[in-house]
Amino acid sequence: MLRQWREDDLDGLAAVNADPEVMRYIHDGHVHDRPEAAASLGRIRAQWAEHGFGLWAVEGKQDGSLMGFCGVGFPRFLPALEASPEIGWRFARRHWGTGYASEAAVASRNDFFSTQDFDHLISLAFPGNLASHRVMQKLGMRRVADATLPSGATVWVHRLERDDWTAA
Ligand SMILES: CC(C)(COP(=O)(O)OP(=O)(O)OC[C@H]1O[C@@H](n2cnc3c(N)ncnc32)[C@H](O)[C@@H]1OP(=O)(O)O)[C@@H](O)C(=O)NCCC(=O)NCCS
């Protein structure tokens, strides 16, 4: 289930962001301590307040725990594309391989195009992040370019046009 964030989500988010395997392909692989996770949660909530869309908390239906997040933000870490809405996801490792990430990504994409005026979505991932590339493909995205982060690292840029989403 996609839902809005609550204060008590910090425990769940901090656990996700403290796992080196989860963070392996996020920026430089840096894991978050609790204050960094709290700052991250603050940025997520600020983006919702400013733009009316953002990264959803993804809650497990069975036990109500925080599985991770999925949704649309702006890639402020990549100045050349910082005005492009970017769909992204991050799930606790115990939920990998369950199909929930793909399901959440489809729901986020559909909600975004149904409620916002943007004519496209992008998604960014390091070349080795095969699971994320697969989720992008399943969203109907195509790899259109490479981009260089300020660190010098290359990310693949995937893109989906609203018109293609509508046609599908
Ligand atoms: C990216 C992430 C959310 C995917 O989660 P997941 O649980 O594997 O997703 P799903 O179960 O929905 O599967 C997605 C697809 O990727 C495929 N896949 C998963 N891992 C794969 C891998 N290592 N290599 C190739 N394909 C893979 C799955 O088979 C599935 O495709 P299919 O439906 O055609 O079989 C998860 O790996 C994650 O949280 N990673 C850490 C955070 C991260 O890197 N976020 C993205 C930053 S750009």
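Preceding block: the structure.
Predicted model, so just to flag it, every value in this text is computed and none were measured.

Calculation notes
Residues numbered from 1 in each chain as written. Predicted model: local features only at pLDDT ≥ 70, side-chain atom pairs only at ≥ 80, totals over all residues. Heavy atoms only, no water. Helix = DSSP H or I, 4+ residues; strand = E, 2+ residues; numbered from the N terminus. Buried < 20%, exposed > 50% of the residue type's maximum accessible area, 1.4 Å probe, protein only. Contact = heavy atoms within 4.5 Å. Near = heavy atom within 4 Å. Polar contact = N/O pair within 3.5 Å; in protein donor to acceptor, adjacent residues only side chain to side chain. Areas by Shrake-Rupley, 256 points an atom, 1.4 Å probe, with all protein chains shown as cover. Nonpolar A, V, L, I, M, F, W, Y, C, P; charged D, E, K, R; others polar. Core = buried A, V, L, I, M, F, W, Y, C linked by side-chain atoms within 4.5 Å. Arc of directions from axis to C-beta. Axes fitted to C-alpha atoms, helices over the stretch in contact; angles between N-to-C directions. Left-handed = near helix turned anticlockwise from the far one by under 90°. Expected span 1.5 Å × (residues − 1).

Observations concerning the overall build of the chain
Right, on to step 1. When helices and strands are counted, the chain shows 6 helices and 7 strands.
Right, on to step 2. Projected onto its principal axes, the C-alpha coordinates of the chain cover approximately 40 × 35 × 35 Å.
Right, on to step 3. Per-residue burial over the chain gives 46% buried out of 168 residues.
Right, on to step 4. A sequence separation of at least 24 residues applies to 56% of the contacts in the chain between residues at least 6 apart.

Section: the site of the ligand
Right, on to step 1. Close to the ligand lie 21 residues; Gly-97, Gly-99, Ser-102, Arg-134 and Lys-138 are nearest.
Right, on to step 2. At a separation of 3.4 Å, an oxygen atom of the ligand approaches a polar backbone atom of Thr-98.
Right, on to step 3. A distance of 2.6 Å separates an oxygen atom of the ligand from a polar side-chain atom of Ser-102.
Right, on to step 4. Surface burial for the ligand is 71%, taken as the share of its 940 Å² of free accessible area covered by protein chains.
Right, on to step 5. For the shell around the ligand, the elements supplying multiple residues, two or more each, are strand 4 (86–91), helix 4 (100–115), strand 5 (120–125) and helix 5 (130–138).
Right, on to step 6. The greatest single-element share of the shell around the ligand, amounting to 6 residues, is contributed by helix 5.
Right, on to step 7. Looking at side-chain class alone, the shell around the ligand contains 11 nonpolar, 7 polar and 3 charged residues.

Focus on the nonpolar core
Right, on to step 1. Membership of the largest hydrophobic core comes to 20 residues, with the highest contact counts inside it found for Cys-70, Ile-87, Trp-89, Phe-91, Leu-121 and Met-141.
Right, on to step 2. At 4 residues, helix 4 tops the list of elements feeding residues into this core.
Right, on to step 3. Contacts of Phe-91, omitting those with residues within four sequence positions, involve Val-16, Val-22, Val-58, Met-67, Gly-68, Phe-69, Cys-70, Trp-96, Tyr-100, Ala-101 and Ala-104.
Right, on to step 4. Grouped together as the second largest cluster of nonpolar side chains are 13 residues, Ala-37, Leu-55, Leu-66 and Phe-69 included.

As for helix 1 (residues 10–17)
Right, on to step 1. Within helix 1 the residues assigned to the buried category are Leu-10, Leu-13, Ala-14, Val-16 and Asn-17. Projected down its long axis, helix 1 carries its buried residues within an arc of 160 degrees, all on one side. Among the exposed residues of helix 1, those oriented more than 90 degrees off its buried face are Asp-11 and Ala-15.

Section: the packing of helix 1 against helix 3 (residues 34–51)
Right, on to step 1. Contact pair helix 1 / helix 3: the axes reach a minimum separation of 9 Å and the direction vectors enclose 115 degrees. For the crossing formed where helix 1 meets helix 3, the hand is right-handed. Contacts between helix 1 and helix 3 pair Leu-10, Asp-11, Leu-13, Ala-14 and Asn-17 from the former with Arg-34, Ala-37, Ala-38, Ser-40 and Leu-41 from the latter.
Right, on to step 2. Among the residues making up the contact of helix 1 with helix 3, the classes are represented as 6 nonpolar, 2 polar and 2 charged.

As for helix 3
Right, on to step 1. An ideal rise of 1.5 Å per residue puts 26 Å on 18 residues; helix 3 measures up with 26 Å between its terminal C-alpha atoms.
Right, on to step 2. Buried within helix 3 we find Ala-37, Ser-40, Leu-41, Ile-44, Gln-47 and Trp-48. Down the axis, helix 3 shows its buried residues gathered within 120 degrees of arc, on one side only. Exposed residues on helix 3 whose side chains face more than 90 degrees from its buried face are Pro-35, Arg-43, Ala-49 and Glu-50.
Right, on to step 3. In the core, the buried residues of helix 3 are packed alongside helix 1, strand 2 (55–59) and strand 3 (66–73).

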